[in-house]
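Okay, here's what each chain looks like letter by letter:
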Amino acid sequence: MGAAVLGMLLAHSARACTPTSSLNPAVPTWEAVNHFVLGSRPATDEEITAYLDALAHSSARVRVSSYGRSWQGRPLPYALVSSPAQLSTRRQRQLSTRLRAVRAGTASPRQRRAVLAGPAVTWLAGSVHSNEPSGSDADMRLLYELAADNGCATVRRLRQVMLVVAPLQNPDGRAAGTRVNAYGFDLNRDWFAQTQPETRARTALLSRFPPVVLGDQHEQSGSGFFFPPNADPIHHEVPTEGLAAIEGILGPALARAFDARGLEHASYGPYDLFFMGLSDVASSTLFGSAGITLEKGADAPFPDRVAGQLLAAQTLVTSVATHRSALLRGWVGVWSRAAAQGARGLLAPNRVLEPGNQVRRPVPPGRVYAYLLSGTRSTADAEALAATLRSQGVAVYRSRRPLALARYHPYGTHQLGPATLGAGALVVPMDQAQKHWVQALLGEDSYSPFPYFYDVSAWSAPLLAGLEGGYTAAPLARAVWRHRRPGPGLVPWRPAPRSALPAAAGYWLPTDSERSLELAFALQTRGVRLSRISGRGTGPSAGAIVVPGAVDRRLLARLAAAYATRPRVLASVPPGTVALRAPSVAMLAPTTPASSAGQPEHGTGPALSFSWWRFELEQRLGLSIAMLRPGDLESGRLSSGGFSHLLVAEGGGGGGASLSPSALTAVQTFVRSGGIYVGERGEGLAVAQAAGVTGTQARPAPPGLVVAGALLGLSQDTADPLAWGQPASAYAFNAGDPILVPGPAARVAARYPDTPEGPFVSGYTEGTDALRGVPAVLDEPLGSGRTVLFSFDPAFRAYTPGTERLLANALLYPPSAGAARRRSPTSATAPLTRWRSGRVVSRAVKLPATGARPTVVRVADGDGPALTDAVRASGLPPGWRMTRAASGVSLTVPNTGEAADPERRLWLGRLLARLSRERVRPTLVVL
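Description of the structure in this document. (Residues numbered from 1 in each chain as written. Predicted model: local features only at pLDDT ≥ 70, side-chain atom pairs only at ≥ 80, totals over all residues. Heavy atoms only, no water.)

1. Brief notes about the overall build of the protein chain
When its secondary structure is counted, the protein chain shows 28 helices and 45 strands. Relative to a compact globule of 927 residues, whose C-alpha radius of gyration would be 30 Å, the protein chain shows 28 Å and is just as compact. Principal axes of the C-alpha set define a box for the protein chain whose edges measure 90 × 70 × 60 Å. Sorting the 927 residues of the protein chain into buried and exposed places 61% on the buried side. Taking the contacts inside the protein chain whose residues are at least 6 apart along the sequence as the reference set, 80% of them involve residues at least 24 apart. In the protein chain, which carries 94 positive and 65 negative side-chain charges, the distance between the mean positions of the two groups comes to 8 Å. (Helix = DSSP H or I, 4+ residues; strand = E, 2+ residues; numbered from the N terminus. Rg over C-alpha atoms; globule rule 2.2 N^0.38 Å. Buried < 20%, exposed > 50% of the residue type's maximum accessible area, 1.4 Å probe, protein only. Contact = heavy atoms within 4.5 Å. Lys, Arg positive; Asp, Glu negative; His and termini not counted. Charge placed at Lys NZ, Arg CZ, Asp CG, Glu CD.)

Listed below in structure tokens is the structure:
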């Protein structure tokens, strides 16, 4: 009875309203709970969680729960804030059901009217980069004000708004004081791919309460504050309704609030709305929100940073309450207008928002009515993509019979004509409410309208996965698809049910999917001995993995269902199969673990390749990895540990520390004795060169080559074990990678195609003719072992399954295929080291410092003097250079350490501001 009375009193006090602000003494302040002044220092996870709990227990306006857990098991808390009536369980369920129905395009007129009459859901998302803590702390002050203030203005706002506050999106990182999560991932690059548990949990909560506005709280260089309007480019499928809200309501309101306080602020550069891995872009496109990035300068004292974030958050909530009806009408209209566009096969046009800019690259004419994925190749990875799309609210269907298409365009080609896809193909119609997201993820290109890149310029999910498919430029036949519902030719996609396996001499697994290869590793870790059919043959089983008939069939069936792979029956095991060994893997580790290094990641840079590889090996392939540091090499652990592989990813290699001659000798001895060295990008090549296990060199990029994080076509030698079971054509994600010159013993396992038109390109590039025929993956024997080198990162951000298969193949490299005659010591190593009595004779080698891709700013030739003046006035770091070419005058600045994050490049804002004052518009910016 006492608890019920207390609840009634709290509800009554929450409903009470005074003309001026008055605080409810039952609601505790931050200081009363945590015993220090909020904003005097960054709060901890535990302090924020304790205060959320205190508010939930003292105010009927606040409900607190958890939407998931982090890698290290920490809760991901969130608070719902609104009027007490709207926070009842029944009203929450009703609101969520209606919002989801509107977003799915299935809402009834009554549900639409109820949404328009209800509260506007608004999100504040803090601390996704946990070394940027001020937003989360500001949210605690805002929550207190909304929970305690009985002024009529606050009570009205609470009836008009349902506020969702997620202050700890990255609690592991906040506990460690890092930008990244415990696995070393930047969670603000993971929105579309959803590789991390924190991202998947956040997306699930957003699906329950999709917002009209989402404020994403960050910190940047300098002391000022950034809020939109954004820089160009804007992705063409970002809904116009959200852009109108940003341009016409939210941006001006923020500007007025900051001007009234006399606070420094800026808009447009450097933050755009282009890459679908970022919070503001993805929430705008996937959830129809007005995605708002809020960046406060980290050079300001922490109390000022908290005050700035608090002002921005207060302004957003007030603006949403004031313009609730208009914002809700726009949000409700997003989904029906998107489906209507999709029904007509229309892509949204490109546009620019920043005054003075012009569209440089329009979306090409033509119609897209549906995307299709083959049901006969890479099926397990296609199923994985279908599952991700469905979890994001996209309707996916499976064809029950062959599809005859009059105007079909296969990915990676210039073809458009009749084709027939077999039964089982996956179909994603554009005639659905999520049309914007479908195009953004499944489209072949991103069609950047303006040459400015804060992050990558390509992320086509089917190309990243190396899937066979394309789109139809003509409507699906009525017998297959009726308006916004499937005809008899399609059925909604569902994961394949688990099925029993018949007894057989053996089974073979197709290896053209990463998921199938993951199944092979799962079987190995359970003690199943596998073999492999050579990839030199022909037919569907070339390169396949053979599972013996004596395997526990129930285990195989259970795992096959988990990995969406269908084992095929073998009447007899074919002759010539090669036995596989279960790999025992060591990685050359950073001197400081990636999860606690405190070095922020630039979205496109290689600094966290080490973390991406580690995640791929441990979480997807299920391997236990030994982390070796230079001292471990010197002590002989590489030879004594029974390892089959040594991996060197960018960001490992001792973190740029010196490797001694004895450590380098250990690496060479390991390879010559049968070990496999696998390295990627500059650091993997540098260690291999220093250890004398490769004759490969790198040459400078030619003038005019620009790759702003793009997907490039790749030709694969399927006779090489690295490409066994793979298609002849694939796509590599290139982020300005080294250009390899293979040593005399190296075999090219994959290269950029040597065709007159050069490699196929998805994203923004210039001068890629220079990459025609250039090797991308090398397979080089040395003694009884070999060296495998990737010029690109095959596990970039862990969202490139098409090339992650090559990394898996490197770990499954058959020992018999890897054996080679012992080469003379001088054959491959003479150009790099001197060999005497089996030891390397050289000085310690300083490995290159890892960091982000360099910043490139290009201006027209006539603006070269203005760029020179801006450089002199901006205090650039060492190593910058200016070059002149036909395309103009280019400034290139290397970025390492703290400057790996473009938000922390102090000189960058000064340089761009100086050019703006001189009325110089760069013709290309790559950050």
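2. Some details on helix α24 (residues 801–811)
Among the eleven residues that make up α24, eleven are buried, leaving the element largely enclosed by the rest of the structure. Regarding α24, the residues found buried are Pro 801, Gly 802, Thr 803, Glu 804, Arg 805, Leu 806, Leu 807, Ala 808, Asn 809, Ala 810 and Leu 811.

3. Comments concerning the sheet that holds strand β22 (residues 568–570)
With antiparallel pairing, the five strands of this open sheet are ordered in space as β22-β19-β21-β20-β23. The open sheet has two edge strands, β22 and β23 (578–579), and neither has a second partner. Summarising the sheet, strand β19 (residues 506–509) and β22 pair through three bridges and their orientation is antiparallel. Bridged to Tyr 507 within β22 is Val 569. On top of the sheet, helix α17 (residues 514–525) reaches β19, β20 (531–532) and β21 (545–548); it is set at about 135 degrees to β19, its chief contact. (Pairing = 2+ DSSP bridges. Axes fitted to C-alpha atoms, helices over the stretch in contact; angles between N-to-C directions.)

4. With respect to a positive patch on the surface
The grouping of Arg 498, Arg 526, Arg 554 and Arg 558 at the surface amounts to a positive patch. Mapped onto the elements, Arg 558 comes out in helix α18 (residues 553–562). (Patch = residues over 30% accessible without salt bridge, like charges linked within 9 Å, V, L, I, M, F, W, Y side chains within 5 Å. Areas by Shrake-Rupley, 256 points an atom, 1.4 Å probe, with all protein chains shown as cover. Salt bridge = Lys/Arg side-chain N within 4 Å of Asp/Glu carboxyl O.)

5. A word on the sheet that holds strand β10 (residues 397–399)
Spatial ordering of the open sheet is given by β12-β11-β15-β9-β13-β10-β18, a layout of seven strands whose pairing is antiparallel. In this open sheet, the two edge strands, each paired with only one partner strand, are β12 (417–421) and β18 (490–492). Pairs of neighbouring strands in the sheet enclose a mean axial angle of 45 degrees, with direction left out of account. Note that β10 and β18 share three bridges and pair antiparallel. Paired with Tyr 397 across the bridge in β18 is Pro 492. Running at roughly 30 degrees to strand β13 (residues 426–429), helix α14 (residues 379–391) makes contact with β9 (370–373), β10 and β13 of the sheet.

6. Quick look at the pattern of salt bridges
Oppositely charged side chains can pair when the atoms bearing their charge come close. Inspection of the entire model under this criterion finds 30 salt bridges. Arg 681 is the salt-bridge partner of Glu 650, the closest N and O atoms lying 3.8 Å from each other. On the criterion of sequence distance, the pair formed by Glu 650 in the loop between β26 (645–648) and β27 (658–659) and Arg 681 in helix α23 (residues 681–691) is long-range, its members being 31 residues apart. The pair Glu 650 / Arg 681 is uniform in exposure class, with both members buried. Where Asp 717 meets Arg 747, a salt bridge forms, and the shortest distance between an N and an O atom there is 2.8 Å. Here Asp 717 is found in the loop between β31 (710–716) and β32 (729–734), whereas its partner Arg 747 is found in strand β34 (residues 747–751), with 30 residues between them in sequence. Judged by relative accessible area, which is 25%, Asp 717 ranks as partly exposed.

7. A short note on the nonpolar core
Core analysis: the largest hydrophobic core is formed by 171 residues, its most contacted members being Trp 123, Leu 163, Phe 192, Val 213 and Leu 442. Setting aside residues up to four positions removed in sequence, Val 213 forms contacts with Val 121, Thr 122, Trp 123, Leu 250, Ser 289, Ala 290, Ile 292, Leu 316, Val 320 and Leu 327. Core analysis: the next-biggest nonpolar cluster, separate from the first, contains 62 residues, Leu 509, Phe 610, Leu 714 and Ala 732 among them. (Core = buried A, V, L, I, M, F, W, Y, C linked by side-chain atoms within 4.5 Å.)

8. Focus: helix α28 (residues 906–917)
Taking 1.5 Å of rise per residue, the twelve residues of α28 would be expected to cover 16 Å, and the 18 Å separating its terminal C-alpha atoms lies within 8% of that figure. The complete set of buried residues in α28 reads Trp 907, Leu 908, Leu 911 and Leu 915. The arc enclosing the buried residues of α28, seen along the axis, measures out at 105 degrees, which places them on a common side. Of the exposed residues in α28, the ones pointing more than 90 degrees away from its buried face are Ser 916 and Arg 917. Positioned one or two residues after α28, Arg 919 has a phi angle of 60 degrees, which is positive. (Expected span 1.5 Å × (residues − 1). Arc of directions from axis to C-beta.)

9. Let's talk about the pairing of β13
In β13, alternate side chains face the same way, and those of Leu 426 and Val 428 on one face and Val 427 and Pro 429 on the other are all buried. Relative to β13, β9 is paired through four bridges, and the arrangement is antiparallel. Among the inter-strand pairings, Leu 372 is bridged to a residue of β13, identified as Val 427. Across two bridges, the pairing between β10 and β13 is antiparallel. Bridging from a neighbouring strand, Tyr 397 pairs with Val 427 of β13.

10. Some details on the state of the cysteines
Considering all chains together, one arrives at one disulfide under this definition. Sulfur-sulfur distance for the disulfide between Cys 17 and Cys 152 comes to 1.6 Å. One end of the pair, Cys 17, is in the loop between α1 (2–15) and α2 (30–34); the other, Cys 152, is in helix α7 (residues 152–160), and 135 residues separate them in sequence. (Disulfide = S-S within 2.5 Å.)

11. Thoughts on the packing of aromatic side chains
Going through the model one piece at a time under the given rule, you end up with 27 aromatic pairs. On the numbers, 5.8 Å between centres and 90 degrees between planes, the contact of Trp 30 with Phe 36 is edge-to-face. Geometrically, the ring pair formed by Trp 71 and Phe 615 is edge-to-face, given 6.1 Å between the ring centres and 70 degrees between the ring planes. Here Trp 71 is found in the loop between β1 (62–69) and β2 (75–81), whereas its partner Phe 615 is found in helix α19 (residues 609–620), with 544 residues between them in sequence. (Phe/Tyr/Trp six-rings, centres within 6.5 Å; stacked < 30°, edge-to-face > 60°.)

12. Section: unusual backbone geometry
Residues other than glycine predominantly adopt negative phi, and peptide bonds predominantly adopt the trans conformation. Here the amide bond leading from Pro 228 into Pro 229 is cis, since omega sits at 20 degrees, within 30 degrees of zero. By the secondary structure assignment, Pro 229 is in strand β6 (residues 225–234). Here Gln 194, not a glycine, exhibits a phi torsion of approximately 55 degrees, which is positive. Mapped onto the elements of the fold, Gln 194 is located in the loop between α8 (171–176) and α9 (197–208).

13. A short note on the packing of α14 against α17
At a minimum axis separation of 6 Å, α14 and α17 run at an interaxial angle of 105 degrees. Judged on the interaxial angle alone, α17 and α14 are roughly perpendicular. Residues Ala 380, Asp 381 and Ala 384 of α14 form the contact with α17, whose own contacting residues are Glu 514, Arg 515 and Ser 516. (Parallel < 35°, antiparallel > 145°, perpendicular 65-115°, else oblique.)

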